[in-house]
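These are the residues of each chain, in order.
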Amino acid sequence: MQRRDFVKLGASVFAIPSAWAQHAARADWKPEVLDAHQNETVIALTELIIPATDTPGAKAAHVNRYLDLFLRDGDAEQRDRFLEGLYWLDGFAIREHGHPFVHCPAEEQTAMLRALDEGSGPGHTFFRDAKSLTARIYYATEIGHQELNKGGRVPAWPFDGPGCDHPSHA
């Protein structure tokens, strides 16, 4: 499946193909694009973007698995840009703290991400893209949808009802 097949309505709309959901849920799942170190970096990075609080975070939603599938099936240029960003992030962490990003303490990881968020250049661009992908994927998962729907915030009618009953929309 190609990315353009399921991202049709714009950059903010993202639907997870059912084949991906089945693949990501497998007990024997292994990344197909990311190597083991990159996968661990993505887990740490996405969990800092959407951490576990009173609700599950990106790690529990397997954002890393869906991201790997997105990179596998998506645009080659976007895949290369993301992988280059991971290399850049590790280089930045090594220059700043003497360790790859995933081996830095959480406080140092958070400080680096804050600097990237407030800065400019390739690190800022990568972090902005990583935040966008993380959010789009997270909220397309079952866990993310449940978080969005806390207290009935997401209307049920587009999914299982007759639709809007306002007279002008009939």
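Residues numbered from 1 in each chain as written. Predicted model: local features only at pLDDT ≥ 70, side-chain atom pairs only at ≥ 80, totals over all residues. Heavy atoms only, no water.

(A) Looking closely at the overall build of the chain. Scanning the chain from terminus to terminus reveals nine helices and zero strands. In the chain, the succession of helices and strands from N to C terminus is α-α-α-α-α-α-α-α-α. In the chain, buried positions account for 36% of the 170 residues. The contacts of the chain with a sequence gap of at least 6 include a subset with a gap of at least 24, amounting to 64%. Accessible surface, the chain as shown: approximately 9,800 Å² in total, 53% of it carbon and sulfur. (Helix = DSSP H or I, 4+ residues; strand = E, 2+ residues; numbered from the N terminus. Buried < 20%, exposed > 50% of the residue type's maximum accessible area, 1.4 Å probe, protein only. Contact = heavy atoms within 4.5 Å. Areas by Shrake-Rupley, 256 points an atom, 1.4 Å probe, with all protein chains shown as cover.)

(B) Structural view of the pattern of salt bridges. Enumeration over the complete set of coordinates arrives at six salt bridges. Taking the shortest distance from any N to any O, the salt bridge between Lys131 and Asp117 comes out at 2.6 Å. Of this pair, Lys131 sits in helix α7 (residues 122-138) while Asp117 sits in helix α6 (residues 106-118); the two residues are 14 residues apart in sequence, bridging distant segments of the chain. Arg128 is paired through a salt bridge with Asp129; the nearest N and O atoms lie 3.5 Å apart. Classification of Arg128 as partly exposed rests on a relative accessible area of 44%. One salt-bridge network, held together by shared partners, links Glu32, Arg72 and Asp73. (Salt bridge = Lys/Arg side-chain N within 4 Å of Asp/Glu carboxyl O.)

(C) View of the packing of aromatic side chains. A full pass over the atoms with the stated rule returns three aromatic pairs. Between the aromatic rings of Tyr138 and Tyr139, the centroid separation amounts to 4.8 Å while the plane-to-plane angle is 90 degrees, which identifies the pairing as edge-to-face. Note on Tyr138: relative accessible area 1%, which makes it buried. (Phe/Tyr/Trp six-rings, centres within 6.5 Å; stacked < 30°, edge-to-face > 60°.)

(D) How the structure looks around the side chain of Gln38. Within the secondary structure layout, Gln38 lies in helix α3 (residues 36-49). Here Gln38 is in contact with Val33, Leu83, Leu86 and Tyr87, once residues within four sequence places are set aside.

(E) Structural view of the packing of α3 against α7. Look at α3 against α7: their axes get within 10 Å of each other, and the N-to-C directions meet at 75 degrees. Judged by the inter-axis angle, α3 sits roughly perpendicular to α7. Judged by residue contacts, Leu45, Thr46 and Ile49 of α3 engage Phe126, Phe127, Ala130, Lys131 and Thr134 from α7. Here the contact of α3 with α7 is built from residues that sort into five nonpolar, two polar and one charged. (Axes fitted to C-alpha atoms, helices over the stretch in contact; angles between N-to-C directions. Parallel < 35°, antiparallel > 145°, perpendicular 65-115°, else oblique. Nonpolar A, V, L, I, M, F, W, Y, C, P; charged D, E, K, R; others polar.)

(F) Fine view of unusual backbone geometry. With a phi close to 60 degrees, His62 is a non-glycine residue in the positive phi region. Residue position: His62 is located in the loop between α3 and α4 (63-73). Exposure remark for His62: the relative accessible area of 30% places this residue in the partly exposed category.

These figures capture arrangement, not role.
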